[in-house]
Amino acid sequence: MKPNISVVVPLYNEAESLPELHAWIQRVMEANHFSYEILFINDGSTDDSWKVIEELAQRDQNVHGIKFRRNYGKSPALYCGFKAAEGDVVITMDADLQDSPDEIPELYRMITEQGYDLVSGYKQKRYDPLSKTIPTKLFNATARAVSGIHNLHDFNCGLKAYRSEVVKNIEVFGEMHRFIPYMAKNAGFDKIGEKVVHHQARKYGKTKFGLNRFVNGYLDLLTLWFLGTFGKKPMHVFGFLGSLMFLLGLIAVMIVGGVKLAHIINGTPAPLVTDSPYFYISLTTMLLGTQLFLAGFIGELISRNADSRNEYQIEKAF
Ligand code: UDP
Ligand code: MG
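Small disclaimer: the values here were computed from a predicted structure and weren't measured.

Asks: Where do I start with the overall build of the chain in this structure?
Replies: Along the chain, the regular secondary structure elements total 10 helices and 7 strands. The C-alpha radius of gyration of the chain comes to 27 Å, more than 25% above the 20 Å expected for a compact globule of 318 residues. Overall, the chain is about 100 × 55 × 35 Å in size when its C-alpha atoms are taken along their principal axes. For the chain, restricting intrachain contacts to residue pairs at least 6 apart in sequence, the fraction spanning at least 24 positions comes to 82%.

Structure, rendered in structure tokens:
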């Protein structure tokens, strides 16, 4: 039978936290009479994490483990967890005890009773260093603007709840775990909510992401925006920009030609075309225009050959 809840926990070197986390989740589930499974995705840990997971699984049949042979990252871990999860509601949480399992019942209720597709935790009061919280604010503001999901304060919160359908229809890859709400929205799941959650300082171990998370995050955001907007029609963006460039070039050429012609008609000595700035403008814009068109055509060729070219989100069918 399908459990009510699947808890997906990606982890990398978190052996000390796991027993505590497991006991806490178990306590909450039993107090609320939920049927559940816990999926620990061991992302190539080099400490005792896997041994701890095996021990937990021996004592509790709700515990399942997936062990990566090497460290791939949080997104691949979530991807595999999502694939394996069988519950009606899927909850993701970090393994480091920064997210509180006490939030689970309310998150579950928001999905099942209030009809949300996805509910993201919001660490309103954070216990992280300033070097992390300030860039995070900027980052979230950009993510809100680009994704158009204006009600989310905290895209990257590890604690989130999903209707099972959502996780089965999105493909988290690279480092895209920061933008799962945006991916869900692109896939047509737009009832996205937020819940203020308690946050704690990391008890054991240390953070696995450095400051480069912000640079990577911005680049990923750009990619997602592009894929979501033009992914299936690259020619529309490149063709438009290319035409614009070409038009500019054409105007510049006409000015260059016109000036030359006017001098010839008047019988005055015409200046060299290379003396005119418009000559250089036409040269660059026409070259750029051709390049952009080429990018568009190649983009179309690639997207036409992609396996996913006819993948659409079908909600219902008879
Ligand atoms: N994590 C992972 N693979 C990685 C890096 C991190 O599975 O390559 C897990 C990590 O063990 C934790 C979660 O992702 O359970 C969030 O990581 P962390 O607490 O370091 O991130 P932060 O709280 O600093 O954003
Ligand atoms: Mg953490």
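Now that the structure has been shown, we can carry on.
Asks: It is not clear to me how unusual backbone geometry should be interpreted in this structure. Could you clarify?
Replies: If you check the backbone angles, H33 has positive phi at about 55° while not being a glycine. Along the chain, H33 falls in the loop between α1 (18-31) and β2 (36-42). A positive phi angle, close to 70°, is found at L97, a residue other than glycine. In this structure, L97 sits in the loop between β4 (89-92) and α4 (104-112). The exposure class of L97 is buried, given the 21 C-beta atoms found within 10 Å.

Asks: What am I meant to see in the domain arrangement of the chain here?
Replies: By convention, interface size is frequently given as the accessible area that disappears when the constituent parts associate. Partitioning the chain into structural domains gives domain 1 (5-230) and domain 2 (235-305). For domain 1 versus domain 2, the distance between C-alpha centres works out to 50 Å.

Asks: Even after reading the chapter, I still don't get the site of ligand 1, so can you show me in this structure?
Replies: Near ligand 1 there are 17 residues, and of these P10, Y12, A95, T207 and K208 occur at the shortest range. Grouping the amino acids of the shell around ligand 1 by side-chain chemistry returns 6 nonpolar, 5 polar and 6 charged.

Asks: What exactly am I supposed to notice about the packing of helix α5 (residues 130-147) against helix α8 (residues 212-230) here?
Replies: To characterise two packed helices, one gives the angle between the axes of the helices and the distance between these axes. Across the interface, α5 lies against α8 with an axial gap of 11 Å and an inter-helix angle of 0°. Here α5 is positioned roughly parallel relative to α8, judged by the angle of their axes. Across the interface between the two elements, P135, F139, T142, A143 and V146 of α5 pack against F214, G217, L221 and W225 of α8. Looking at the contact of α5 with α8 residue by residue, the classes come out as 7 nonpolar, 2 polar and no charged.

Asks: What's the story with α8 in this structure? I'm lost.
Replies: Counting along an α-helix, one turn takes 3.6 residues, and residues three or four places apart therefore face a common direction. The end-to-end C-alpha separation of α8 is 27 Å, in line with the 27 Å expected for 19 residues at 1.5 Å each. Within the sequence span of α8, burial applies to G217, L221 and L224. Viewed end-on, α8 has its buried residues packed into an arc of 70°, placing them on one side of the element. Facing away from the buried side of α8 by over 90 degrees, the exposed positions are N212, V215, L219, L222 and F226. Turning to α8, the residues buried within the fold contact α5 and α7 (180-186).

Asks: Can you help me understand the nonpolar core in this one?
Replies: One recurring pattern in soluble globular proteins: nonpolar side chains tend to sit buried together. Formed by 62 residues in total, the largest nonpolar core has its most connected members in V7, V8, V9, I91 and F179. Not counting residues within four places of it along the chain, the set of residues in contact with V8 comprises L39, I41, L78, G81, F82, A85, V90 and T92.

Asks: Which parts of the structure should I look at to understand the sheet that holds β2?
Replies: Pairing between the strands of a sheet is mediated by backbone hydrogen bonds and can be parallel or antiparallel. The 7 strands are arranged β3-β2-β1-β4-β6-β5-β7 in an open sheet whose pairing can be described as mixed. Taken across any chain shown, the strands that pair with only one partner, and hence form the sheet edges, are β3 (63-67) and β7 (192-196). Strand-to-strand twist across the sheet, computed as the mean angle between neighbouring axes with direction ignored, equals 20°. Where helix α2 (residues 49-59) meets the sheet, it contacts β1 (5-11), β2 and β3, and its direction lies at approximately 155° from that of β3.

Asks: When you look at the packing of α1 against α2 in this model, what are you seeing that I'm missing?
Replies: With their axes 10 Å apart at the nearest point, α1 and α2 run at an angle of 30° to one another. Between α1 and α2 the crossing geometry is right-handed. The segment α1 lies against α2, with L18, P19 and H22 engaging S49, V52, I53 and L56. Taken together, the residues that form the contact of α1 with α2 break down as 5 nonpolar, 2 polar and no charged.

Asks: Looking at this structure, how should I read the environment of V119?
Replies: Within the secondary structure, V119 sits in strand β5 (residues 118-122). Residues V119 and Q200, spaced 81 residues apart in sequence, show a C-alpha to C-alpha distance of 19 Å.

Asks: Looking at this structure, how should I read the environment of L56?
Replies: Mapped onto the elements, L56 comes out in helix α2. For L56, a count of 21 C-beta atoms within 10 Å puts it in the buried group. In this structure the C-alpha to C-alpha distance between L56 and N156, which are 100 residues apart in sequence, comes to 28 Å. Once residues lying within four places of it in the same chain are set aside, the contact partners of L56 are L18, P19, H22 and V63.

Each value, and the rule that gives it
Residues numbered from 1 in each chain as written. Chains lettered and ligands numbered in written order. Predicted model: local features only at pLDDT ≥ 70, side-chain atom pairs only at ≥ 80, totals over all residues. Helix = DSSP H or I, 4+ residues; strand = E, 2+ residues; numbered from the N terminus. Rg over C-alpha atoms; globule rule 2.2 N^0.38 Å. Contact = placed C-beta atoms within 7 Å. Buried ≥ 20, exposed ≤ 12 C-beta atoms within 10 Å, placed from the backbone. Domains from an automatic or database assignment. Near = placed C-beta within 6 Å. Nonpolar A, V, L, I, M, F, W, Y, C, P; charged D, E, K, R; others polar. Axes fitted to C-alpha atoms, helices over the stretch in contact; angles between N-to-C directions. Parallel < 35°, antiparallel > 145°, perpendicular 65-115°, else oblique. Expected span 1.5 Å × (residues − 1). Arc of directions from axis to C-beta. Core = buried A, V, L, I, M, F, W, Y, C linked by C-beta atoms within 7 Å. Pairing = 2+ DSSP bridges. Left-handed = near helix turned anticlockwise from the far one by under 90°.

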